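Coordinate inspection notes
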Amino acid sequence: MDGLNRRGALKAGGILGAAGAFTLVAPTVRAQPWTWSPQGSVAGSGSGVDPMTVWDPEADQLVAGLIDRGEVPRVNELLRTWTTNGQALPAGLPSDLRDFMEYARRLPQWADQAALTTAIEFNKKRGLYLGVLYGFASGMMSTVIPREARSVYYSKGGHDLKDRISKTAKLGYDIGSNNAYAADGEMVVTCVKTRLVHAAVRHLLPQSPHWVQSADESIPISQNDIMVTWHSLPTTVMKHLTNWKVPIPHHESEAFLHSWQVAAHLLGVRDEYIPKSWPDANSQSAQVLDPILAATPEGAKLADRLLGLGANIDFAILSKPVLGAFTRFLLGDKIADGLAIPREPVWDPLLQVAWGPFIAVREGLLSAVPPMSDPYWLLDEFLRKAALTYLAELRLPISIELPTMNRDM
Ligand code: HEM
């Protein structure tokens, strides 16, 4: 395997930099063998092969060729004009890329248009909670997914976190936008471009001595890794909404799941790994996500920058300490301590005690009577501004581009 050889050669050749000094130990293999059954997937059956050993061969080979032949700048220029789902691909693309994209942009046979429409309604209704949860539950969680943190840190986008966040935010925005998967929406375009970017990263990162030194794998972004990150998005968001007792009708919750199932398919995940229901998603998440969460030096740096973003919106209510307390509240002490987030004597207990009643009041399930009314307004202000922080990173137009190199360290 090329990646493996290159990794061995780099290590043996002593090309490794000081980055090695940072490396913390992370699990290299599963603690338990892969047992999640494809019967719990949208495909309903499958080989049962461990997704940690599966990448995206069609896209990977194609994009590696584009990079090696120096065709990426031209492709990026052409793809900048491809922005909406229903739009024809631009003329002039290499024919193998065009063929692949025509195939990759098709919605799966099992896509359910009615459910996708319901998902849009759900996103509209719950935009505020979704904004804050994508940003501070999923976003912060991504910094304690060791493989993702390292890939992001050492890839080209790692040097400009703000830019990277705005691009990832675009996916959260597109999936929640009015026409997500419709002809005038952008979700299909975003997913297909992201699939190509991930293929580029698989080719490039094994050439980074810094990544090679810190990584516990030879090729990044396996199908397992994509599902890990996927669970940090919809599965985690739905877990919090459920814990907060936000009333969500069954068909809306199913529709939200469906919109993310379609996204996983378009990102190149095999149907046999895409959970068919929330219980199946939760059981897969318990196997792939929960056991691997751990702080790394790279993740801690990314988290620190993420916590600093709020100050641009409102220094007082979105200061690093307040966002840190919210992260601790959402993700727990183990993760917060791992990221060296200080404890907050006021906000930690306030969130623990008042968040549940605050949501109940917002949802009309409880009336705000003193002494609840003061924390209510404070938390409401926080909720609105925190969601805005995340959306403010979304400076349109954003163009997702294939990288041609790793981060310049
Ligand atoms: C790029 C989303 C999984 C690592 C991107 C981009 C998006 C995205 C929208 C393009 C934005 C950009 O260019 O920065 C997602 C989603 C995932 C997922 C929705 C799963 C559901 C992963 C995983 C890893 C990863 C599992 C690593 C283990 C990266 C890297 C880039 C990238 C390194 C390129 C950053 C750069 O250098 O520009 N991803 N991603 N992603 N993703 Fe993912």
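Residues numbered from 1 in each chain as written. Predicted model: local features only at pLDDT ≥ 70, side-chain atom pairs only at ≥ 80, totals over all residues. Heavy atoms only, no water.

Concerning the overall build of the chain
A count of helical and extended segments in the chain gives 18 helices and 0 strands. By residue count, 56% of the 409 residues in the chain fall in the buried class. Of the contacts made within the chain by residues no fewer than 6 positions apart, 77% connect residues no fewer than 24 positions apart. A total accessible area of about 17300 Å² is found for the chain, and carbon and sulfur atoms account for 58% of it. (Helix = DSSP H or I, 4+ residues; strand = E, 2+ residues; numbered from the N terminus. Buried < 20%, exposed > 50% of the residue type's maximum accessible area, 1.4 Å probe, protein only. Contact = heavy atoms within 4.5 Å. Areas by Shrake-Rupley, 256 points an atom, 1.4 Å probe, with all protein chains shown as cover.)

A closer look at the packing of helix 2 (residues 57-68) against helix 4 (residues 95-104)
The geometry of helix 2 relative to helix 4 is characterised by a closest axis approach of 10 Å and an angle of 150° between their N-to-C directions. Considering their axes alone, helix 2 and helix 4 lie roughly antiparallel with respect to each other. Like other packed secondary-structure pairs, helix 2 and helix 4 cross with a definite hand, here left-handed. Taking contact as the criterion, the partners of Glu58, Ala59, Leu62 and Leu66 in helix 2 are, on helix 4, Asp96, Leu97, Phe100 and Tyr103. Classifying every residue of the contact of helix 2 with helix 4 by side-chain character gives 6 nonpolar, no polar and 2 charged. (Axes fitted to C-alpha atoms, helices over the stretch in contact; angles between N-to-C directions. Parallel < 35°, antiparallel > 145°, perpendicular 65-115°, else oblique. Left-handed = near helix turned anticlockwise from the far one by under 90°. Nonpolar A, V, L, I, M, F, W, Y, C, P; charged D, E, K, R; others polar.)

As for the packing of aromatic side chains
Tallying each qualifying case throughout the model produces 18 aromatic pairs. Measuring from centroid to centroid gives 6.2 Å for Trp34 and Tyr273, while their planes differ by 75°, and the two rings are edge-to-face. Residue Trp34 is found in the loop between helix 1 (2-12) and helix 2, and its partner Tyr273 is found in the loop between helix 12 (250-266) and helix 13 (278-288); the two are separated by 239 residues along the sequence. Look at Tyr273 and you get buried, because its relative accessible area is 1%. Taken together, the ring pairs connect Tyr129, Trp244, Phe326, Phe329, Trp347, Trp355, Phe358, Tyr376, Trp377 and Phe382 into an aromatic cluster. Its end group placed over the ring of Tyr153, Arg407 keeps NZ or CZ at 4.4 Å from the ring centre. (Phe/Tyr/Trp six-rings, centres within 6.5 Å; stacked < 30°, edge-to-face > 60°. Lys NZ or Arg CZ within 6 Å of the ring centre and 35° of its normal.)

Description of the coordination of the iron atom of the ligand
You will see that the iron atom of the ligand has only one donor from the protein, His198 (NE2), lying 2.1 Å away. For His198, the position within the fold is in helix 9 (residues 187-204). (Donors = N, O, S within 2.8 Å, 3.2 Å for Na, K, Ca; no water.)

Brief notes about helix 2
Taking 1.5 Å of rise per residue, 12 residues should cover 16 Å, and helix 2 covers 16 Å from first to last C-alpha, within 8% of that figure. Residues Ala59, Asp60, Leu62, Val63, Ala64, Gly65, Leu66 and Ile67 constitute the buried set of helix 2. Among the structural elements, helix 3 (72-79), helix 4 and helix 9 are those in contact with the buried residues of helix 2. Just downstream of helix 2 lies Gly70, where phi reads positive at about 70°. (Expected span 1.5 Å × (residues − 1).)

Brief notes about the nonpolar core
With 115 residues, the main nonpolar core has Met101, Tyr181, Trp244, Trp355 and Phe382 as its most contacted residues. The greatest single-element share of this core, amounting to 11 residues, is contributed by helix 9. Other than its neighbours up to four places away in sequence, Trp244 contacts Tyr129, Val132, Leu133, Phe326, Phe329, Leu330, Trp355 and Ile359. (Core = buried A, V, L, I, M, F, W, Y, C linked by side-chain atoms within 4.5 Å.)

Some words on the environment of Ala281
Topologically, Ala281 is positioned in helix 13. Residue classification places Ala281 among the buried residues on the basis of a relative accessible area of 0%. Look past the residues within four positions of Ala281 in its chain and what remains in contact with it is Trp230, His231, Thr235 and Pro275.

Structural notes on the site of the ligand
Of all residues adjacent to the ligand, which total 20 residues, the nearest are Ser155, Gly157, His198, Asp225 and Thr229. A distance of 3.2 Å separates an oxygen atom of the ligand from a polar atom in the backbone of Lys156. His198 places a polar side-chain atom, nitrogen or oxygen, 3.0 Å from a nitrogen atom of the ligand. Going through the elements one at a time, helix 7 (146-154), helix 8 (161-176), helix 9 and helix 11 (223-243) are the ones with two or more residues in the shell around the ligand. Residue composition of the shell around the ligand, by class: 8 nonpolar, 6 polar and 6 charged. (Near = heavy atom within 4 Å. Polar contact = N/O pair within 3.5 Å; in protein donor to acceptor, adjacent residues only side chain to side chain.)

A closer look at helix 15 (residues 320-331)
Since one α-helical turn is 3.6 residues long, residues separated by three or four positions face the same way. Here helix 15 spans 16 Å end to end across 12 residues, near enough to the 16 Å set by a 1.5 Å rise per residue. Counting buried positions along helix 15 yields 9 of 12 residues, so the element is predominantly enclosed. Buried residues of helix 15: Val322, Leu323, Gly324, Ala325, Phe326, Thr327, Arg328, Leu330 and Leu331, and no others. The positive-phi residue at the C-terminal boundary of helix 15 is Gly332, with phi of around 95°.

Quick look at the pattern of salt bridges
In the structure shown here, the tally under the stated rule is 22 salt bridges. Here Arg202 ties to Asp60 by a salt bridge, and the two come within 2.6 Å at their closest N and O atoms. Taken together, the residues Arg202 in helix 9 and Asp60 in helix 2 connect sequence positions 142 residues apart. Neither residue differs from the other here; Arg202 and Asp60 are each classed as buried. Asp216 is paired through a salt bridge with Arg147; the nearest N and O atoms lie 3.0 Å apart. Taken as a pair, Asp216 in the loop between helix 10 (209-214) and helix 11 and Arg147 in helix 7 lie far apart in primary sequence, 69 residues in all. The exposure class of Arg147 is buried, given its relative accessible area of 13%. Overlapping salt bridges bring together Arg328, Asp333, Asp337, Arg343 and Asp348 as one network. (Salt bridge = Lys/Arg side-chain N within 4 Å of Asp/Glu carboxyl O.)

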